[in-house]
Amino acid sequence: MDEKFANEMAGETLAVIETRNLTYTYPGATKPSIEDVSITIERGEFVILTGPSGCGKTTLCRCFNGLIPHFYGGKLEGDVVVADLKVVEHSIYELARHVGLVFQNPENQLFALSVEKDVAFGLENLAVPRDEMRKRVDWALQITGIEELSERSPHELSGGQQQRVAIACVLAMQPDVMVLDEPTSFLDPAGAQKIFEVINELNKNLGITIILVEHRLDLASKYANHVIVMDEGKVVLDGEPRRVFDSERARLIGVGVPKATRLYQILRESGVHLGKVPVTSEEASILLREALKHD
Amino acid sequence: MIKVRDVYFTYPNGIEALRGISLTIHDGEFIAIMGQNGAGKTTLVKHFNGLLKPTRGEVVVDGVSTREVSVAKLARKVGFVFQNPDHQLFCETVEDEVAFALRNFGFAESAIKRRVTWALNLLGVAQYRQTSPFMLSGGERKRVALASVLAWNPKVVILDEPTIGQDHQQKEKLRHFIVQLNAQKKTVIVVTHDVEFVAECNPRVVLMTGGKIVADGGAEEILTNPKLVAQASIVPPQITQIFLGLSDLGLPTNVIDVHEARKILLDLMEVAS
Amino acid sequence: MSVFEGFRFRRVSSVIHRLDPRVKFFYVCVLFVMAVMFSELLPLILLFFVPLPFVLVAGVQREWLRSLRGALFLAVIIFLSNFLFTYFYKQYPRAPSASLLEYSFAMTLRFIVLVGSFSIFFLTTSPDHLGLALEQSHVPYEFCFAFTTAVRFVPVLAEEAQTIMDAQKARGLELERGNFIKRVRNYIPILIPLIVGAIRRSLELAEAMESRAWGASEKRTNLYVLKLRRADYSLALGSVLMLIFAICVRLFLPVPSLTMLVHA
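Residues numbered from 1 in each chain as written. Chains lettered and ligands numbered in written order. Predicted model: local features only at pLDDT ≥ 70, side-chain atom pairs only at ≥ 80, totals over all residues.

Undergrad: Talk me through the sheet that holds strand β4 (residues 56-61) of chain B; I want residue IDs and the actual numbers.
TA: Residue and element names in this part refer to chain B. Pairing is antiparallel in the open sheet, where four strands are placed in the order β2-β1-β4-β5. Each edge of the sheet is formed by a strand with only one pairing partner; in this case those strands are β2 (16-25) and β5 (64-65). Where strand β1 (residues 2-10) meets β2, seven bridges bridge the pair, whose relative direction is antiparallel. What sits directly across from Y8, in β2, is R19. (Pairing = 2+ DSSP bridges. Helix = DSSP H or I, 4+ residues; strand = E, 2+ residues; numbered from the N terminus.)

Undergrad: An account of unusual backbone geometry is requested, with residue identities and associated values reported.
TA: In the segment running from A:I68 into A:P69, the intervening peptide bond is cis, with an omega of 10°. A positive phi angle is found at C:H138, which is not glycine, with a value near 65°. With respect to the helices and strands, the residue C:H138 is situated in the loop between α7 (127-136) and α8 (141-169).

Undergrad: Can you explain the interface of chain A and chain C? Please cite residues and give values.
TA: At the junction of the two partners, chain A supplies 36 residues and chain C supplies 27 residues. Among the elements of the structure, α3 (67-71), α4 (92-95), β7 (99-102), α5 (115-125) and α6 (130-143) of chain A are those that each provide at least two residues to the side of chain A that touches chain C. Here the side of chain A that touches chain C gets seven residues from one element, more than from any other, and that element is α5(A). Taken together, the residues that form the side of chain A that touches chain C break down as 20 nonpolar, 10 polar and six charged. (Contact = placed C-beta atoms within 7 Å. Nonpolar A, V, L, I, M, F, W, Y, C, P; charged D, E, K, R; others polar.)

Undergrad: Would you mind going over the interface of chain B and chain C in detail, with residue names and values included?
TA: The interface is formed by 19 residues belonging to chain B together with 18 residues belonging to chain C. Contributions of two or more residues to the side of chain B that touches chain C are made by α2 (71-77) and α3 (94-104) of chain B. Grouping the amino acids of the side of chain B that touches chain C by side-chain chemistry returns 13 nonpolar, five polar and one charged.

Undergrad: Explain the sheet that holds strand β8 (residues 177-181) of chain A to me, using residue names and the numbers behind them.
TA: All names here are of chain A. Here we have six strands laid out as an open sheet, ordered β7-β8-β9-β4-β10-β11, and mixed in their pairing. The outermost strands of the open sheet, each flanked by one partner alone, are β7 and β11 (234-239). Within the sheet, the average angular offset between the axes of one strand and its neighbour, ignoring direction, is 15°. As paired strands, strand β4 (residues 46-50) and strand β10 (residues 226-231) are joined by four bridges and run parallel to one another. Note that in β10 the partner of L49 across the bridge is I228. Against the sheet, helix α2 (residues 57-64) touches β4, β7, β8, β9 (209-213) and β10, its axis set at about 155° to β8. (Axes fitted to C-alpha atoms, helices over the stretch in contact; angles between N-to-C directions.)

Have a look at this one:
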């Protein structure tokens, strides 16, 4: 906390995304989709954004890269600042250099006839010279582990492979932040696992800030260090994953907390305290082993 | 009753999706067909209403081979709810949408009105009767699609990947709904790769991989078997993983339910103290 | 589904496939011009055989013949209309002359030559190659993008159409039954979801495009570049020579008709 304060005093902020009283109403809608959202996301964080369907998570994501308000129109109140740029004042293509957005449906993000042409698309738009482009495309393909797919047509690929291509497309533009809106919806658990591992590598090895919108908390929560829960357009929980998953509010809203956490909670109700809140099966096994030994 | 006798199926593009499937599904069963994407699950269930006919082997529904009957006739008994409701919705109102199949099957108009009302109430979308289905949210469209299938009261209901994109509460509601359907003596077949969902439902599980059935039995015995699970490239439920991690302490390894887990652990702790 | 097989990128690669599409297009245009220059049967027969070596080297004989077979119906109509109109206008009530027959065949053959030359262009040029050629020919990028994206999504839409048909058949829709009007009406439950789906899809595509800096620069760069090589220059030169030769023949040589040769 003190370090952050000191940095702010020095004119340097660690926040890569900051919103203040953000409220947005789609054109023609009677009430706002998100209301009074004030959150701070620091550089290098791995954030999970979750909440029941229709809570406003997707709307919030689109505020981060300028699709709202520039693509969708509507009424935007409050502030949203990404990488020190006020979203309202910069076009989507300017913001695209700093924020990348990966969508739910892999098929509808790939429009070229070969994988590497798709990965190059963003760079071509940014008029990056060919040599630099070639280097970045190869680099992005290598990090996402899909080099051997570079000349394939997107239609031939599995859903999981297509999503990795979509991630490579965004990665090639070297953004500070990557927002992923339910990227594993159409994938089976094995495919989802691979995607989370790729995203985690981007976060831990390349320092890219990750905002992941997800329902499948049992698979994704082990990577996060910051969880934001929304309900009916408002942010209701914001903080450290264990605290958020353990909270009564989360259960009431109907967030699908990991089963490991659930087990911890119902054991606590029966008087058994495990000490720490587990979010993965490994953590739960270790805590239970301790508890059983002591008996 | 659905009998699958040594069925092989190859798609026109040459991919062999089913390699010798044999299976019997009795009336009133609740069965989950599981496996990773590409294992052949959807291909298999498309044989139950005749959308696909086996390249080799036979599928018999209530004593009649699917090769001898039209899809429309089989659909009367076997309802299929597709994964994406937007592949079905096309009418101007929700009412027309739900009535569509009833009209195709030749129900009387009075019966159609009754059944539409019943189906809309059942799925909680009666207030949208005169609304255009395209104006509804994703979850509401799914319910309209489900209502349009249940309206004609099929004996068998097949749900293809119903949990995709659903949040926790929606999955809970779905689970309760399936239990309700099953209680009404309907045969319910769910195609899914969602292990946690199946763990909560605890149905009969048919596990597929590479076009073959590798296991057929209770959810408890199959989802907790590390070898089978690895073969089918699925991940066991978290509760099972926890207990597998403690197997050296002598704990049972076939636990899939969180409440059962608590009971076992509490009993163990009480014994020790 | 087999109609769409042709859109799938076949990884068969021959010298012809690797030629620059712009040069191939120039060659096809030259053939077009030559076919229009001559109304006589003999030169048109020659023209028909000119692309044959290309077809064989590219290995697309079967597909090429299939495309010609597709044009057969129209060819018959062209033959009959030419023959009948000219006969009734000029020769009736005398018996039809051999030169009339020859002329009608020539017109039909001209049509077939045109179809054949364009067909070989599309059979030996992959869509992405074509898109790249369009880009480098300074066609506005929006059109090139629309073209390649459309080709990219054809197999996707075809699959979606099949899924929609399955979903509606599973609700008792019978596509084969009923009279003509009923059958056309039965396609509404297929078309509407398809069209609505296409609109939804284009919205998602637009979001993805914007998110990847669409419109950021006036002049886009390109990952690939088409370079003209020796084979391209050879084909271009050959086409120019062919054209000059044809012009000379047209201007200075009287082209004999088959009828005359046969009678002589």
